[in-house]
Amino acid sequence: MTIGRKIASARKERNLTQEQLADMMNVTRQSVSRWESEQSYPEMDKIGILAEILGVSCDYLLKEETESAGTKPEGRNPVTRLLYGAKGKKVKLKFYADFLDMELLDTVCVITDFDGQWMSVEYKKGKNTEQKLILVSSILSIQYIKEGK
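Attention here is on the structure that accompanies the text.

Rules of the game
- Residues numbered from 1 in each chain as written.
- Predicted model: local features only at pLDDT ≥ 70, side-chain atom pairs only at ≥ 80, totals over all residues.
- Heavy atoms only, no water.
- Helix = DSSP H or I, 4+ residues; strand = E, 2+ residues; numbered from the N terminus.
- Buried < 20%, exposed > 50% of the residue type's maximum accessible area, 1.4 Å probe, protein only.
- Contact = heavy atoms within 4.5 Å.
- Areas by Shrake-Rupley, 256 points an atom, 1.4 Å probe, with all protein chains shown as cover.
- Arc of directions from axis to C-beta.

Counting its regular elements, the chain contains 6 helices and 5 strands. Start at the N end of the chain and walk to the C end: the helices and strands fall as α-α-α-α-α-α-β-β-β-β-β. Counting only residues that meet the buried cut, the chain has 39% of its 149 residues in that class. Within the chain, residue pairs in contact and separated by at least 24 positions form 46% of the contacts whose partners lie at least 6 positions apart. Surface summary for the chain: the accessible area is close to 9,000 Å², and the carbon and sulfur share equals 48%.

Structure representation (structure tokens):
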């Protein structure tokens, strides 16, 4: 199944119109229509938001062989199992030089979600709690932080 069909199918399962989905995504209804007809594709920064709104994984949207909307990759490989196990834990992330994220360098953050190729983390920035979506392939290492530190 193609990404356009997956978006349309998941949108209809949620009983959303193209206009409602567009409003939630901060795009035009025509953009959603073009995605579903595959005249264009959502930008990468929209994929995670789209997956969350539609209640599917990023893998489901992006991979042609992933047919089931409810499929979670929890049992597939050791890295996937490790990342699912790290949800809710405090960590420090190190990045490959190409993906260096200065804002998260030496910052304690909490992994709030993991969905295939993307990881969501929360971290403190001043008095505020920020959230960021990170491409898993950009991470060189994960250091667990003991509670109380």
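Looking only at helix 2 (residues 18–25), the buried set comprises Q18, L21, A22 and M25. Relative to the axis of helix 2, the buried residues are bounded by an arc of 100° and lie together on one face. N26, located one to two residues past helix 2, shows a positive phi value of around 60°.

As a rule of thumb, non-glycine residues mostly have phi less than zero, and peptide bonds are mostly trans rather than cis. Positive phi, normally seen in glycine, also occurs at N15, with a value near 55°. With respect to the helices, strands and loops of the structure, N15 is situated in the loop between helix 1 (3–13) and helix 2. Phi is positive for N26, which is not a glycine, with a value near 60°. As for its placement among the helices and strands, N26 is situated in the loop between helix 2 and helix 3 (29–36).

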